[in-house]
Amino acid sequence: MDATIKAESLSKSFRIARRRPGLIGGLRSVVDPQVRIVEAVHDLSLRIERGEMIGLIGPNGAGKSTTIKMLTGILVPTGGQVSVAGLNPTRQRRELAQRVGVVFGQRSQLWWDLPLIDSLRLLRYLYRVPAERHAANLKRLRALLALDEFIDTPVRQLSLGQRMRGDLAAALLHDPELLYLDEPTIGLDVVAKARIREFLRAINAEQGVTVLLTTHDMDDIEMLCQRTLIIDHGRKLYDGTVADIRVRFGGERTLIAEFSPSALAALPYDDGGQPLLTELPAGVRQARAEIPRIWLSFERGAIPAHELVAWLGARYQLRDVTFQEPEIEDVIRRIYEEGLLLREHEASLMINHP
Amino acid sequence: MNAIMSDLRLYRRLILMQVRAQLQYKINVVIDILGYLAVTILEFLSMLIYFVPFPTMFGWRIGEVAMLAAVASFSFGLAELFGAGIDVFDETIRRGDFDRVLLRPVGALFLVASSEFRLRRLGRLTEGILAFIVSLVLLHGIKWTPLKLLVLSISVMSGALIFMSILLMGATMCFWTVQTTELTNILFYGGREMLSYPITIYHQVLQRILLFVIPLAFGAYLPTCYLLDRALPLGLPGWVVFLAPAAALAFASIAVRLWSFGVRRYQSTGS
Amino acid sequence: MLRFYVEVAQTAFRRQLIYRWANLAGMLANIVFGMIFSYVMIALFQVRSIAGGYDLRDALRYVWLVQSMVMIVLTFGWYDLMLTIRSGEVVSDLSKPCDFYWYWFSREIGRSGYYLLYRGLPTYLVGMLLFGFGAPLDWRLWLAFACSLPIGAMIGIAYRVLFNIAAFWIVEARAFGTLATVIALIFTGNYVPLPFFPAWLRAIADWLPFSGLMNVPAQIFLGKLAGGEMLLEFLRQLAWLLVMTLLVRFVAARATRRVVVQGG
């Protein structure tokens, strides 16, 4: 009961009728519909505690929005159970809506033709927020999100970043305990992104708002989320921290070695005029060279980092050595493309059901 | 009671907000309203031309038919004005905006019905009033009683409710397919046209449909008969005219139930 | 170049074929209104048997003819051109190497052809089935009708394009367009057949371009115009066609210049 979001074995299937062309085809489709079943979400369980900030990532069509829609009561699950803030999302939709805030990156919840302040004032009545609380929240959000410079401008004239800040304020005016964000930093510049992230961190840390964040931006995940869920093909494939993802699926790490001038002079050179290291240990390859540095990529499993350093140090005089972790972007992409988790998932299934 | 009052206040605020947005462009609003008024007045006046070669239509004189058309127009105009959000629901579904409606802590129908308020639609309401005045002039006045005034007011609102229910059923269809908007238009605009003439000119089957299936006749024909001290169609007893609100509420409750069914379907298929 | 315009017309015709259900739904609307006005006529003709030279059967035919012709001649709510002006697409249209007006003309002729076959004919047939008023069997009337209807359609195209082009100058072009359409429909007998108009109003209507849209073809079809009168109406139609076409071409040229000068 303490968990804010509890979903058990959620499933959602859609029946897609095949449309036949032509007038006769249309009639036939009514009489004898050919239906195929598409499973958008399959056996998905998750548990989010109060005050957590969780990231939700997955390729397009993975089932992320379908899952969110089931959590907000827009869609009814075909199987499984879900409870949010102790309520059933579809049966107690309006009650739940009172305690939840939603921000869509692509579509605003504000009224398009009116100044931002009008939308924010109207929301007081829509959500039945007592006057003083609304005024206090509005004041606080205006300050936190720096809304004053454009609060009288019609929403349709706002820039994307301004509109996003407006939407965030709108979503929080009624003190929701849970906030869903769908691609909140999409299309924003670096400064705007940083501002939004800082804001989210603040409301999560200081007000204990539980946040579920769908995004394609890995920096959002790394900077904000304690936990990340990876969803693909309607299944939850991973539920853990970002660091763990890197460790388990990071693939290659990179060692950057800076060579001393004398060591550089002793090295063979390629046609491009860059130094070339030969006879590297197994699992190590030269990725790039730019005098006086050489980048070496090595598999995590192939050779421990300190051994590689020792190997290099024994042969060459080095000025400096640094390590570079793989970009989480690349890691996630690998996971999608190589279906790594899916394979693991299937393997674990086979272990459980031989 | 408290809940209804606060709902009404919320409705008023939502409407006022849209009115304010449109009034930012005062000239455009005025031109829109006048344009619509002109179109509807021209249509009304052209109907009066019938009475140049023909002194009566099925025993109805020009002033009487004018009054009928005016009442039908006004009732329809109310539905057009307050049911605008339901009218354009096919666009809402097509744009995928219904999800946003479901995310609010208010009833979906309430929110849909209070959106898309367009001042332009005041044009037809104005025409209804003007046409009514013209009809009174043509009739050299009628014998008013307080009861007649009451019957007229309540019947007109009942008629508006029935028109809005037609729109609601059309909107509900959009949960299955957005291709049926033309059918709704036929019932909506065609219904108004049919009501502009005495329903006794139509085939018996159509008369029964307008009385017992889609009870539009209760919104225009029956109260006009009452105002003009005329007999009701199909030999119905005079007190039937007082059943207008009952007929409207019955029809509306069917429409609302179908709508709820449609929303549930949307939630299971996601459209 | 003519080949191009023929192609445009054929494409427009073919494109309409896809909207089968929409056409059926629209036809249903025409039928419903045809029915309503038929009952009105039946009710009216109870008090006298001839009005304006028309008996009940003529009146029913007239009503259903109008419902059959309206999509061919002057569709209500045609804003295709206005939409391209709003969206700015029209700028690229204007820089195409074809004549702007003849392009839209060909498109609309193609659509009119579609509506003749798939809306007009079936609508009249349904009316005949429902109310049993038949059709005139004189081949000469059919011939004359076949000459008059296309002229009406072409006047209709010129008129539509004209009030759509107004969007270049007027912001509230849509409201203006609706008003323009309704006025045209009134004065071509869509609401009340022109033969029933009082004399003074009829005199005005006869000299407006709108009569030639549907009223003249309908009267010809019903055999209400004797030889000399028919000729007069033909000439009036042709004259209005000439005037409207010149007018719309003039306005279109002004619009083109405006776009070129202002760069859209």
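Note that the structure is predicted; figures quoted are calculated from it, not measured.

> Can you help me understand the overall build of chain C in this one?
Tallying secondary structure elements over chain C gives 11 helices and zero strands in all. Ordered by position from the N terminus, the helices and strands of chain C form the series α-α-α-α-α-α-α-α-α-α-α. Against the globule reference of 18 Å for 264 residues, chain C gives a C-alpha radius of gyration of 19 Å, in line with a compact fold. Within the span of chain C, comprising 264 residues, buried residues form 46% of the whole.

> Is there a simple way to explain the overall build of chain A in this structure?
Per the secondary structure count, chain A includes 13 helices and 13 strands. Residue pairs in contact within chain A that sit at least 24 positions apart in sequence constitute 71% of those at least 6 positions apart.

> Would you explain the domain arrangement of chain A in this entry?
How big an interface is tends to be expressed through the accessible area that disappears when the partners come together. Here chain A is partitioned into domain 1 (3–246) and domain 2 (252–325). If you average the C-alpha positions of domain 1 of chain A and of domain 2 of chain A, the two centres end up 46 Å apart.

> Whenever I open this one, unusual backbone geometry confuses me. Can you help?
Trans is the common state for peptide bonds, and a negative phi is the common state for residues other than glycine. Along the chain, Ile291 of chain A connects to Pro292 of chain A via a cis peptide bond; the corresponding omega equals 5°. Relative to the elements of secondary structure, Pro292 of chain A occurs in the loop between strand S11 (284–290) and strand S12 (293–299). Despite not being glycine, Ala85 of chain A shows a phi value in the positive range, around 50°. Tracing the chain through its elements places Ala85 of chain A in the loop between strand S4 (79–84) and helix H3 (93–98). Its 20 C-beta neighbours within 10 Å are what place Ala85 of chain A among the buried residues. Even without being glycine, Glu116 of chain B reaches a positive phi, approximately 60°. Looking at where Glu116 of chain B falls in the secondary structure, it is placed in the loop between helix H7 (108–113) and helix H8 (122–138). Given 16 C-beta atoms within a 10 Å radius, Glu116 of chain B is considered partly exposed.

> Sorry if this is basic, but what is going on with the environment of Val35 of chain A here?
Residue and element names in this part refer to chain A. Along the chain, Val35 turns up in strand S2 (residues 35–49). A residue is classified by how many C-beta atoms lie within 10 Å of it, and Val35, with 11 of them, is exposed. Contacts of Val35, omitting those with residues within four sequence positions, involve Arg15, Ile16 and Ala17.

> Any chance you could explain the interface of chain B and chain C here in plain terms?
Listed per partner, the contact involves 30 residues of chain B and 32 residues of chain C. Broken down by secondary-structure element, the contributors of at least two residues to the side of chain B that touches chain C are helix H2 (26–48) and helix H10 (181–195) of chain B. Of all the elements, H2 of chain B adds the most residues to the side of chain B that touches chain C, at 10 residues. Residues of the side of chain B that touches chain C, tallied by class, amount to 19 nonpolar, seven polar and four charged.

> I keep staring at the sheet that holds strand S6 (residues 178–182) of chain A and nothing clicks. Help me out?
Backbone-to-backbone hydrogen bonds pair the strands of a sheet. The strands run either parallel or antiparallel. Residue and element names in this part refer to chain A. Across the sheet, six strands lie side by side as S5-S6-S7-S3-S8-S9; this open sheet has mixed pairing. Two strands close off the open sheet at either side, each with one partner strand: strand S5 (100–104) and strand S9 (235–240). The sheet shows a mean angle of 15° between the axes of neighbouring strands, taken without regard to direction. Pairing between S6 and strand S7 (residues 210–214): five bridges, direction parallel. Residue pairing for S7: Asp182 is matched across the bridge by Thr214.

> Help me out: how do you make sense of the interface of chain A and chain B in this one?
Across the contact, 22 residues belong to chain A and 15 residues belong to chain B. Elements supplying a minimum of two residues to the side of chain A that touches chain B: helix H2 (64–72), H3 and helix H4 (116–126) of chain A. Taken together, the residues of the side of chain A that touches chain B break down into 12 nonpolar, five polar and five charged.

> Sorry if this is basic, but what is going on with the sheet that holds strand S10 (residues 252–259) of chain A here?
Residues and elements named next belong to chain A. An order of S11-S12-S10-S13 is seen for the four strands of this open sheet, with the pairing classed as antiparallel. Only two strands of the sheet have a single partner each, and these edge strands are S11 and strand S13 (318–324). When strand polarity is set aside, the average angle formed by the axes of neighbouring strands in this sheet is 25°. Two elements, S10 and S13, share six bridges in a ladder whose sense is antiparallel. Within S13, the residue paired with Ala257 across the bridge is Val321.

> Explanation requested: the confidence of the model for chain C in the structure shown.
Close inspection of predicted coordinates is inappropriate in any region flagged by low pLDDT. Per-residue confidence for chain C gives a mean pLDDT of 90; residues scoring 70 or more make up 98%. Two numbers describe this predicted complex: its pTM, 0.86, and its ipTM, 0.92.

> When you look at the packing of helix H2 (residues 20–44) of chain C against helix H6 (residues 100–131) of chain C in this model, what are you seeing that I'm missing?
Any two packed helices are characterised by how steeply their axes cross, that is the angle between the axes, and by the distance between the axes. All names here are of chain C. The geometry of H2 relative to H6 is characterised by a closest axis approach of 10 Å and an angle of 40° between their N-to-C directions. Considering the angle they form, H2 stands oblique to H6. Between H2 and H6 lies a crossing whose hand is right-handed. Taking contact as the criterion, the partners of Asn23, Gly26, Met27, Asn30, Ile31, Gly34, Met35 and Ser38 in H2 are, on H6, Tyr118, Arg119, Pro122, Thr123, Val126, Gly127, Leu130 and Phe131. Split by residue class, the contact of H2 with H6 holds eight nonpolar, seven polar and one charged.

> I would appreciate a short explanation of the packing of helix H3 (residues 62–82) of chain B against helix H9 (residues 146–173) of chain B in the present structure.
All names here are of chain B. Remark: H3 packs on H9, axes separated minimally by 8 Å, with the N-to-C direction vectors making an angle of 50°. In terms of orientation, H3 lies oblique with respect to H9. Handedness of the crossing formed by H3 with H9: right-handed. Mapping the contact onto sequence places Val71, Phe74, Ser75, Phe76, Leu78, Ala79 and Phe82 in H3 and Val156, Gly159, Ala160, Phe163, Met164 and Leu167 in H9. Looking at the contact of H3 with H9, its residues break down into 11 nonpolar, two polar and no charged.

> Looking at this structure, how should I read the pairing of S10 of chain A?
Each regular strand carries side chains that alternate between the two faces of the sheet. Taken together, the seven bridges between S10 of chain A and S12 of chain A define a ladder with antiparallel strand orientation. Residue pairing for S12 of chain A: Ile256 of chain A is matched across the bridge by Trp295 of chain A.

> Just to check I follow, could you spell out the environment of Leu158 of chain A for this structure?
All names here are of chain A. Tracing the chain through its elements places Leu158 in the loop between helix H5 (131–144) and helix H6 (160–172). Between the C-alpha atoms of Leu158 and Ala289, which are 131 residues apart in sequence, the distance is 46 Å. Residue contacts for Leu158: discarding those within four places in its chain leaves Phe150, Thr153, Arg163 and Gly166.

> Help me understand the environment of Glu258 of chain A, please; the structure alone is not making it clear to me.
All names here are of chain A. Following the sequence through the fold, Glu258 ends up in strand S10. Residue Glu258 is classed as partly exposed on the basis of its 15 C-beta neighbours within 10 Å. For the pair Glu258 and Arg121, spaced 137 residues apart in sequence, the C-alpha to C-alpha distance is 60 Å. Contact partners of Glu258, with chain neighbours within four places excluded, come to Pro292, Arg293, Leu318, Arg319 and Asp320.

Definitions and cut-offs
- Position numbers for residues count from 1 along each chain, tracking the sequence in the order it is written.
- Whichever chain is written first is A, and whichever ligand is written first is 1; the rest continue in order.
- Totals for whole chains, interfaces and linings use every residue, but because this is a predicted model, local features are given only for residues with pLDDT of at least 70 and side-chain atom pairs only at 80 or more, for both listing and counting.
- By definition, any uninterrupted DSSP run of H or I lasting at least four residues is a helix, any uninterrupted run of E lasting at least two residues is a strand, and each is numbered from the N terminus.
- We take the radius of gyration over the C-alpha atoms and set the globule estimate at 2.2 Å times the residue count to the 0.38 power.
- Using C-beta atoms placed from the backbone, we call a residue buried if 20 or more other C-beta atoms fall within 10 Å of its own, exposed if 12 or fewer do, and partly exposed for counts in between.
- Two residues qualify as being in contact provided that their C-beta atoms, derived from the backbone, are within 7 Å of each other.
- Domain start and end points were adopted from an automatic or database domain assignment.
- We call Asp, Glu, Lys and Arg charged. Ala, Val, Leu, Ile, Met, Phe, Trp, Tyr, Cys and Pro are nonpolar, and the rest, Gly among them, are polar.
- Strand pairing requires that DSSP identify at least two bridges connecting the strands.
- In this analysis, axes come from line fits to C-alpha atoms, helices being fitted only over the stretch in contact, and the angle between any two N-to-C directions falls in the range 0 to 180 degrees.
- The predictor reports its confidence for every residue as pLDDT, a score running from 0 up to 100.
- The labels follow the angle: roughly parallel below 35 degrees, roughly antiparallel above 145, roughly perpendicular from 65 to 115, and oblique for the rest.
- Take the far helix as your reference; a near helix turned counterclockwise from it by less than a right angle gives a left-handed crossing, and one turned clockwise gives a right-handed crossing.

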